[in-house]
Amino acid sequence: MKHLLGTEGLDPATALAILDTADGLKRTLLGREVKKLPTLRGRTVITCFYEDSTRTRVSFEIAGKWMSADVVNVSAGSSSAKKGESLRDTALTLAAAGADCVVVRHPASGAAHRLASWLAHTNTSVVNAGDGTHEHPTQALLDMATLRERLGSVEGRRIAVVGDVLHSRVARSNVHLLTSFGADVVLVAPPTLLPTGVADWPVGSAGSLRVSHHLDAELPTADAVMMLRVQAERMHGGFFPSAREYSIAYGLSEARAAMLPDHAVVLHPGPMLRGMEISAAVADSPRAAITQQVANGVHVRMAVLYHLLAGEEDAA
Amino acid sequence: MPPRPRGAPEPAERRELLSAGDVARTIARMAHQVIEKTSLGASGARPVVLLGIPTRGAPLATRLATRIADFSEVQVPVGTLDVTLYRDDLRRKPTRPLGQTALPPGGIEDALVILVDDVLFSGRTIRAALDALRDVGRPRAVQLAVLVDRGHRELPIRADYVGKNVPTARSEEVHALFTETDGRDAVLLHRTGEGA
C-alpha cells in the first residue's frame, strides 16, 4: 500500500490488517508509562491541513510521534498557500523537502487523489485526512475499530448513520467500509440532506445500504447509531427550517436513545453540537463511544503509518 | 505419510535435524540447565520469567516452563514479547503483522528474564528483543535460550542455553516446527540451492 486515499476500493484484507495492527498497538502500549516505539525512526510525516481540525491533526501528530517519526505540521493559514501557491507546488515542495508521508486535509473533494497523482514518481505516501465531502478513511477505520470493540463484529449488524449525509465524508467512507465488512447500513436524514443518487452508491458486496427519513422507526433495530455533524460551513442555503426543527426530527435525545436496544452503541465523529445533534446526557452516557473513538483514532493512525512507511520501500 | 526410518536420508533439499523425540529431549535438557544455572527452587533464588518471542518462541517457552515445573516443582511465569516494532529491517521486507506481547501478571521488574526463541541466526531479533524489553520494564538480568543456534551472527550476541548447535551455510534455512503452530514437532534444514 503506497497511499490511503479512501475506503472505496480499499481491499477488505488490507483494512483488516490495519485494524488488527491497531489492536496490536493498543495492547502493546497498554499501561506503559512511555508510549514510544522506535518503528518509524528517521521517517518524516508532514500534516498539511487546509481546513481547521483539532482531533484529526492532533491524532496524526501523536500517532507519528509515538512511532518515533518526525512530525511537521503545516496549516494553510500560515503556509505559502496564503500567498497563492498551488496545492501541486506545495506537495512537490514537501516531497522535495524529504517528507515520507503527507497527511492532507483539503476542502476540495478529490484533492488527496490529485496529490497522490502528482507524487506518483516520488517515494512520498499520501494519507487522505478528509477531502471536501468525499472521503475520510481513517475516521471510518477508527469507527470500525470502535464498533469491533463494542459489538465484536459488524457482520449482519444494522448501523444507522444519522444526519447531514449530503456533506459528510465520514458517512461516505463508513458506508464503503461497513458494507464491505457485511454490515447493513441505513442512512437516516431529511431529503434535503441526502445526496442525489444515494441509492446507487457503490456498496461492499457483503452488506447492504438503505435510506430512511424516520429516525424513530430505525432506532429499535439499530445495533449502532452513528451521528453526523451538521456541516453549517458547507451549507449555502436553507437545508432545514431551523436548528430546533432539525433537533426535534433528527437529534438523538434521551427519549430517542431509550428506544435503542440495550447493547446499541452511539458514535459521533465530533465536534458535537450538543443539544442539537445529540443531547448532552446521551453524549455522556456509557452507551456513547465518543472518547473511545478518539483513543482508537491514535492507534488506527499509527497502524496506517506503519503499513505505509514500515514495509519494503518499493512495495506497492 | 509413513514415518521415515531412523537414519534414512531425507531428500537433499530438506533434512530433518531433530525429530519430535529429539525436540522433547532437547527441551528437557534445556530445562535442567535453566534450573541449574538459575538455582531455581533453592532458597533465596531470585524470580525467573520466561518470555517467548512470537511466533515459535512462544510455544517453546511454554514447553520449557512445563518441563521446569516437572523437574523442580517451580512454576515459572511465562509471557510473550513481540519485537516486530523494534526490528531494524522493517524497510527491507514486506509489512509484517504484529505478534502479541503479554507479560505475566507479576511483570518483569527485577526478575531474571530468559528470552526464548526457536532459531538464533544473525542476532538481530534478539537485539530488537532487548530494546523491546527496555520499554516494558527493568529486569535484573537477561539470558537467552534457543532451540537451535545456526551461527552467522551479525551482532555480539550469544545464547546462554542452546538446544542444538547446527553449522549451516548462509543459503540454508532452519525451520523449527511445533505442534502448537505447525501440527508437529521437528527441526528441518532446507537447502535453497544457491551457493549451498
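Basis of the calculations
- The numbers attached to residues start from 1 for each chain and follow its sequence in the written order.
- To label them, take the chains in the order written and letter them from A, then take the ligands in the order written and number them from 1.
- Given that this is a predicted model, residues contribute local features only at a pLDDT of at least 70 and side-chain atom pairs are listed and counted only at 80 or more, while totals for whole chains, interfaces and linings are drawn from all residues.
- Hydrogen atoms and water are omitted, and side-chain values are computed over all heavy atoms in the structure.
- The secondary structure listing takes helices from DSSP runs of H or I that are at least 4 residues long and strands from runs of E that are at least 2 residues long, numbered from the N terminus.
- Only the C-alpha atoms count toward the radius of gyration. The rule for a globule is 2.2 Å times the residue count to the power 0.38.
- Each residue's exposure class comes from its accessible area (1.4 Å probe, protein chains only) as a fraction of the maximum for that residue type: buried when under 20%, exposed when over 50%, partly exposed otherwise.
- Contacts between residues were defined by any pair of non-hydrogen atoms, one from each residue, lying within 4.5 Å.
- Accessible areas in this description were obtained via Shrake-Rupley with a 1.4 Å probe; residue shielding takes into account the shown protein chains only.
- For the charge count, each Lys or Arg is scored as positive and each Asp or Glu as negative, with His and the chain ends excluded.
- Throughout, a charge is located at the NZ atom of Lys, the CZ atom of Arg, the CG atom of Asp or the CD atom of Glu.
- What counts as a salt bridge is simple: a side-chain nitrogen of Lys or Arg found within 4 Å of a carboxyl oxygen of Asp or Glu.
- Polar contact is defined as a pair of N or O atoms within 3.5 Å, subject to the rule that within protein one atom must be able to donate a hydrogen and the other to accept it, and that residues adjacent in sequence are counted only when both atoms are side-chain atoms.
- Note on geometry: axes are lines fitted to C-alpha atoms, helical ones only across the stretch in contact, with angles between N-to-C directions running from 0 to 180 degrees.
- By the definition adopted for this analysis, an angle is roughly parallel if under 35 degrees, roughly antiparallel if over 145, roughly perpendicular if from 65 to 115, and oblique otherwise.
- Rotating anticlockwise by less than a right angle from the far helix to the near helix defines a left-handed crossing, while the corresponding clockwise rotation defines a right-handed one.
- Throughout, the ten residues Ala, Val, Leu, Ile, Met, Phe, Trp, Tyr, Cys and Pro are labelled nonpolar, Asp, Glu, Lys and Arg are labelled charged, and all others, Gly among them, are labelled polar.

### Points about the overall build of chain B
Scanning chain B from terminus to terminus reveals 4 helices and 8 strands. Listing each helix as α and each strand as β along chain B from the N terminus yields β-α-β-α-β-β-α-β-β-β-α-β. Relative to its length of 196 residues, chain B is compact, with a C-alpha radius of gyration of 17 Å against a globular reference of 16 Å. Projected onto its principal axes, the C-alpha coordinates of chain B cover approximately 50 × 40 × 30 Å. Sorting the 196 residues of chain B into buried and exposed places 47% on the buried side. Of the contacts made within chain B by residues no fewer than 6 positions apart, 68% connect residues no fewer than 24 positions apart. Carbon and sulfur atoms make up 50% of the accessible area of chain B, which amounts to about 9800 Å² in all. Separation between the mean location of the 28 positive side-chain charges and that of the 25 negative ones in chain B comes to 3 Å.

### Quick notes on the side chain of A:Asp131
Residues and elements named next belong to chain A. Note that Asp131 resides in strand 4 (residues 125-131). Despite its burial, Asp131 remains without a salt bridge, the nearest opposite charge being carried by Arg169 at 6.2 Å. In terms of polar contacts, Asp131 uses its side chain to reach the side chain of His134, at 2.8 Å.

### Quick word on the pattern of salt bridges
Oppositely charged side chains are able to pair whenever their charged atoms sit close together. All names here are of chain B. Counted under the stated rule, the structure contains 30 salt bridges over all chains. Between Asp88 and Arg127 there is a salt bridge; the shortest N-O distance is 3.9 Å. Of this pair, Asp88 sits in the loop between strand 3 (78-80) and strand 4 (112-120) while Arg127 sits in helix 3 (residues 124-136); the two residues are 39 residues apart in sequence, bridging distant segments of the chain. Accessibility expressed as a relative area gives 22% for Arg127, which makes it partly exposed. The closest approach of N and O atoms between Arg158 and Asp160, which form a salt bridge, is 3.9 Å. Salt bridges here are not isolated pairs; linked through shared partners, they connect Asp88, Arg124, Arg127, Asp131, Glu154 and Arg170.

### Description of the packing of helix 5 (residues 137-151) of chain A against helix 11 (residues 290-309) of chain A
All names here are of chain A. In the contact formed by helix 5 and helix 11, the axes pass within 8 Å of each other and the chain directions differ by 120°. One element, helix 5, and the other, helix 11, form an angle in the oblique class. The two elements helix 5 and helix 11 cross, and the hand of that crossing is right-handed. Packed against helix 5, whose contacting residues are Thr138, Gln139, Leu141, Leu142, Asp143, Ala145, Thr146, Glu149 and Arg150, the element helix 11 presents Gln292, Gln293, Asn296, Gly297, Val300, Arg301 and Val304 at the interface. Of the residues in the contact of helix 5 with helix 11, the class split is 5 nonpolar, 7 polar and 4 charged.

### Things to note about the packing of helix 1 (residues 20-38) of chain B against helix 2 (residues 57-72) of chain B
Residue and element names in this part refer to chain B. Two numbers describe how helix 1 lies on helix 2: the axes approach to 8 Å, and their chain directions differ by 65°. For helix 1 against helix 2, the interelement crossing comes out right-handed. Where helix 1 abuts helix 2, its residues Val23, Ile27, Ala28, Met30, Ala31, His32, Val34 and Ile35 lie against Leu60, Arg63, Leu64, Arg67, Ile68, Phe71 and Ser72. Considering only residue class, the contact of helix 1 with helix 2 consists of 11 nonpolar, 2 polar and 2 charged.

Without other data, these values stay purely geometric and don't point to any function.
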